[in-house]
Amino acid sequence: MRTSTFNYIKDILADYNKTDDYIRQREEELRYPYKENDLNSGIKGSTGNSEAAANLLITIEQDRRLASLERNQRIISEAMDGASEDTMTIIEELYFKKRPRYTMQGLIDNKLIYCSRRKAFDLRNDFFEDIARALNLEM
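Because the structure is predicted, anything quoted here is derived from the model rather than measured. (Residues numbered from 1 in each chain as written. Predicted model: local features only at pLDDT ≥ 70, side-chain atom pairs only at ≥ 80, totals over all residues. Heavy atoms only, no water.)

A. How the structure looks around the nonpolar core. Core analysis: the largest hydrophobic core is formed by 28 residues, its most contacted members being Leu13, Ile76, Ile90, Phe127, Phe128 and Ile131. Mapped by element, the contributors of at least two residues to this core are α1 (3-15), α4 (64-81), α5 (85-96), α6 (104-109) and α7 (117-134). Here the element with the most residues in this core is α7; it accounts for seven residues. Once residues lying within four places of it in the same chain are set aside, the contact partners of Leu13 are Ile76, Ile91, Tyr95, Phe96, Phe127, Phe128 and Ile131. (Core = buried A, V, L, I, M, F, W, Y, C linked by side-chain atoms within 4.5 Å. Buried < 20%, exposed > 50% of the residue type's maximum accessible area, 1.4 Å probe, protein only. Helix = DSSP H or I, 4+ residues; strand = E, 2+ residues; numbered from the N terminus. Contact = heavy atoms within 4.5 Å.)

B. Quick look at the pattern of salt bridges. In total, this model carries 10 salt bridges according to the counting rule given. In this structure, Glu29 and Arg26 form a salt bridge, with 2.9 Å as the shortest nitrogen-oxygen distance. Note that Glu29 and Arg26 are positioned in helix α2 (residues 19-31) at a spacing of three residues, about one turn of the helix. Glu29 gets classed as partly exposed once you look at its relative accessible area, which sits at 33%. The exposure class assigned to Arg26 is buried, which follows from its relative accessible area of 14%. Between Arg133 and Glu129 there is a salt bridge, and its shortest N-O distance comes to 3.9 Å. Of this pair, Arg133 and Glu129 are both found in helix α7, four residues apart, which corresponds to roughly one turn of the helix. The class for Arg133 is partly exposed, based on a relative accessible area of 46%. The class for Glu129 is partly exposed, based on a relative accessible area of 26%. (Salt bridge = Lys/Arg side-chain N within 4 Å of Asp/Glu carboxyl O.)

Below you can see the structure in the form of structure tokens.
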């Protein structure tokens, strides 16, 4: 797998627990857009139509950033549903936590996962490849 693809998926996993907050924040931005006061509104001859700008607002259904966040969340959830218990332990400890307590070897040494080091890396790589395929990323 390409390093850039691996790092992209790693970033998505790191933000997974905050995705609901990001989605809610983006929906708020779309529903209640910031409207800057027009400093020149008192000048004669200013016939600007503020409704034209309002008509150009992106609707929630058409917003690409919101759709991307929801798609990433759905794909990660589906990958987690199909993952084994050891795979979930690896992903939760190494990628979901802000400050992981263990490394891959630490998970094995402390018997949090019951497999060899090679098998642990294979489980992680398979999980990442499933996500990359679902996101149509180049591997």
